[in-house]
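Commentary on secondary and tertiary structure
Each chain, letter by letter, is given below.
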Amino acid sequence: MFTAPWVCRSCARSLKRANISQLIRRASTTAPGGLPTSLFERARKITAEHDQLSAQLAATFDTKVAKRAGEIARVATAFKELEKATASLEELEPLLRSEDAELRELAKDDIESTTAELATLRHNLSVALTPKHPFADMPCLLEIRPGPGGIEGRFFADSIFRMYRDYCSNKGFRTRVVKYEISDAEGVKGNDGELPLQEAVLEVQDEGSYQLFRAEAGMHRVQRVPATETKGRTHTSAVGVWVLPSFPETGSPEMESDFDNPESDFYIDPADVKTETMRARGAGGQHVNKTESAIRLTHIPTGTTVSMQDSRSQSQNRVSAWRILRSRIAQQRREAREELARSLRSSVLANSQITRGDKIRTYNYQQDRCTDHRSGLTVANLPNVLIGGDVLDRVIASAQAWLAERDIKALEADEETAAAEEQKKQAK
């Protein structure tokens, strides 16, 4: 282990004020740049691989080599930036012992700015090292259903549906309403003209939307005075939001093969699915209750059920129902793998695990605020949130940052577990 460099008493006082002495001693117990040693070594190997692939591409182009080089380019770039900043810090530290007071002051200022930059660069490298979610580049389905709270919960479910729809519109995302089903309570509306929503499915068709919205999954809680409340009491209701990958209805042969590949998350054995046809319910003229256009699919092994009656065509309802069923089963399989992986990690992640019963966000009308309970962010101007404005953008960004930190902790936990296992093997 390297000893900390000698620093004179007057400089030590300056270092204490700038909180730099902690940095100097920390450098003796961690890898260069302040990263855990295992992550630093992993990043260095990936960077060396990227340099080698770049040299190969300079000599002759190869599609597979170019694809791999592109996949690890973020890690290589982040690692080199971190190394550069670390080297700059090492060059600046001896200047703190200079006899020139002005030079020491300049060095202290530069060290402070470089130290702040190092923290950002460490985070960027950790994010780059985090394995990409297998559904990250896919479109997504936002499923919205009312939770506890009776008809008020259904009204707020409609508010959440409108919020995401308007947010996508403001961002220029392409969307399609796959399903929008209201309850039988006709003529009843909420505070802001909401309808009693039973279930809605909104498809965000842009690639990468799953990664953008996956932190929105969970229970959204609302606290407000319902339109039907005569004594002014605040009621609490909840709405469940599920974020699923959306697989294209039609596409390349590779996409179609995923449906037929038993190794794919999207594969479903048709023999495991019970199909029922029925007459559609609700408003719709002569078509309703006269033709069996509605479809209900039940995945027997898991009990997952999907009903679809939005189209007058039974075949179109069948296609849409199968699409949603594949997405739900794929997500369940992904969650099962993640749960298995979590059981092998330390308990550091146990408290931050998202489950469908968690209340991830609160919308309080009386206090004009929205609070994300995971990131800890509280914002005012609730009306702007509910119309999908820039305030909602801040809330979603904070949830994404929380999710990134959770993934980083998971990565570090995995690396520490692997290092401990390796030490045990070497001890034997």
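Now for a description of the structure that goes with this document. (Residues numbered from 1 in each chain as written. Predicted model: local features only at pLDDT ≥ 70, side-chain atom pairs only at ≥ 80, totals over all residues. Heavy atoms only, no water.)

**Considerations on the packing of aromatic side chains**
This is how the line gets drawn: Here the aromatic set is Phe, Tyr and Trp, taking the six-membered ring for Trp, and pairing holds for ring centres within 6.5 Å; pairs whose planes are under 30 degrees apart are stacked, those over 60 apart are edge-to-face, and all others are tilted. Every helix listed is a DSSP run of H or I at least four residues long, and every strand listed is a run of E at least two residues long, numbered separately from the N terminus. Each residue is placed in one exposure class: buried if its accessible area under a 1.4 Å probe, protein chains only, is under 20% of its type's maximum, exposed if it is over 50%, and partly exposed if it falls in between. By definition, being over a ring means that NZ of Lys or CZ of Arg is both within 6 Å of the ring centre and within 35 degrees of the ring normal.
Overall, the coordinates contain seven aromatic pairs when judged by the stated rule. Look at Phe161 and Tyr180: their rings are 5.1 Å apart centre to centre, the planes differ by 50°, and that puts the pair in the tilted class. Taken as a pair, Phe161 in helix H6 (residues 150-171) and Tyr180 in strand S2 (residues 175-182) lie far apart in primary sequence, 19 residues in all. The class of Tyr180 is partly exposed, set by a relative accessible area of 29%. Each residue in the set Phe135, Tyr210 and Phe266 is aromatic and connected to the rest through ring pairs, giving one cluster. Directly above the ring of Trp242 sits Arg145, whose terminal nitrogen or CZ lies 4.4 Å from the centroid. Seen from the ring of Trp402, Arg374 lies directly overhead, with NZ or CZ sitting 5.2 Å from the centre.

**Digging into the sheet that holds strand S1 (residues 140-146)**
To keep it simple, the criterion reads: A pair of strands is treated as paired once DSSP finds two or more bridges between them. Axis lines are fitted to C-alpha atoms, over the contacting stretch for helices. Their N-to-C directions set the angle, which ranges from 0 to 180 degrees. By definition in these notes, contact holds between two residues if any of their heavy atoms fall within 4.5 Å.
One open sheet holds the eight strands; their spatial order is S2-S3-S1-S5-S4-S9-S10-S11, and the pairing between them is mixed. Each edge of the open sheet is held by one strand with a lone partner, namely S2 and strand S11 (378-380). Strand-to-strand twist of the sheet, defined as the mean angle between neighbouring strand axes without regard to direction, takes the value 15°. Of the pairings in the sheet, the one linking strand S9 (residues 359-364) to strand S10 (residues 369-372) comprises four bridges and is antiparallel in character. Along S10, the bridge assignment pairs Tyr363 with Cys370. This element, H6, spans S1, S2, strand S3 (197-204), strand S4 (218-224), strand S5 (235-245) and S9 of the sheet and lies at about 15° to S3.

**A word on the pattern of salt bridges**
Where charged atoms of side chains with opposite charge meet at close range, the side chains can pair. To be explicit about the condition: Note on definitions: salt bridges are taken to be side-chain nitrogens of Lys or Arg within 4 Å of carboxyl oxygens of Asp or Glu.
As enumerated under the stated definition, the model contains 24 salt bridges in all. Linking Arg145 and Glu143 is a salt bridge whose minimum nitrogen-to-oxygen distance equals 2.6 Å. Under the relative-accessibility criterion, Arg145 is labelled partly exposed at 22%. Residue Glu143 is classed as buried on the basis of its relative accessible area, which comes to 1%. The partner of Glu199 in a salt bridge is Arg145, with the nearest N and O atoms 3.3 Å apart. With a gap of 54 residues between them, Glu199 in strand S3 and Arg145 in strand S1 connect regions that are remote in the sequence. Residue classification places Glu199 among the buried positions, given a relative accessible area of 13%. Through salt bridges with shared partners, a single network forms among Glu143, Arg145, Lys179, Glu181, Glu199 and Arg328.

**A few points about helix H3 (residues 37-59)**
Heads up, the condition is: Helices are assigned an expected span. That span is 1.5 Å times one less than the residue count.
Over its 23 residues, H3 runs 34 Å from end to end, which matches the ideal 33 Å to within 8%, given 1.5 Å per residue. Where H3 is concerned, the buried positions are Leu39, Phe40, Ala43, Ile46, Thr47, His50 and Leu53. On the buried face of H3, the contacting elements are helix H4 (63-92), helix H5 (101-129) and helix H11 (390-427).

**Points about the side chain of Glu152**
Relative to the helices and strands, Glu152 is located in helix H6. Since its relative accessible area comes to 6%, Glu152 is described here as buried. Once residues within four sequence positions are removed from consideration, Glu152 is found in contact with Arg224, Pro226 and Ser237.

**Points about the nonpolar core**
The following threshold applies: Remark: nonpolar core denotes a set of buried residues (Ala, Val, Leu, Ile, Met, Phe, Trp, Tyr, Cys) joined through side-chain atoms within 4.5 Å.
Residues Ile144, Ile160, Tyr164, Phe213, Tyr363 and Val385 are the most contacted members of the largest nonpolar core, which totals 38 residues. Breaking this core down by element, the ones donating at least two residues are S1, H6, S3, helix H7 (209-213), S5, helix H10 (382-386) and H11. With eight residues, the single largest contributor to this core is H6. The contact partners of Ile160, leaving out residues within four places of it in the chain, are Ile144, His220, Val239, Val241 and Tyr363. Grouped together as the second largest cluster of nonpolar side chains are 25 residues, Phe40, Ala43, Ala78 and Leu129 included.

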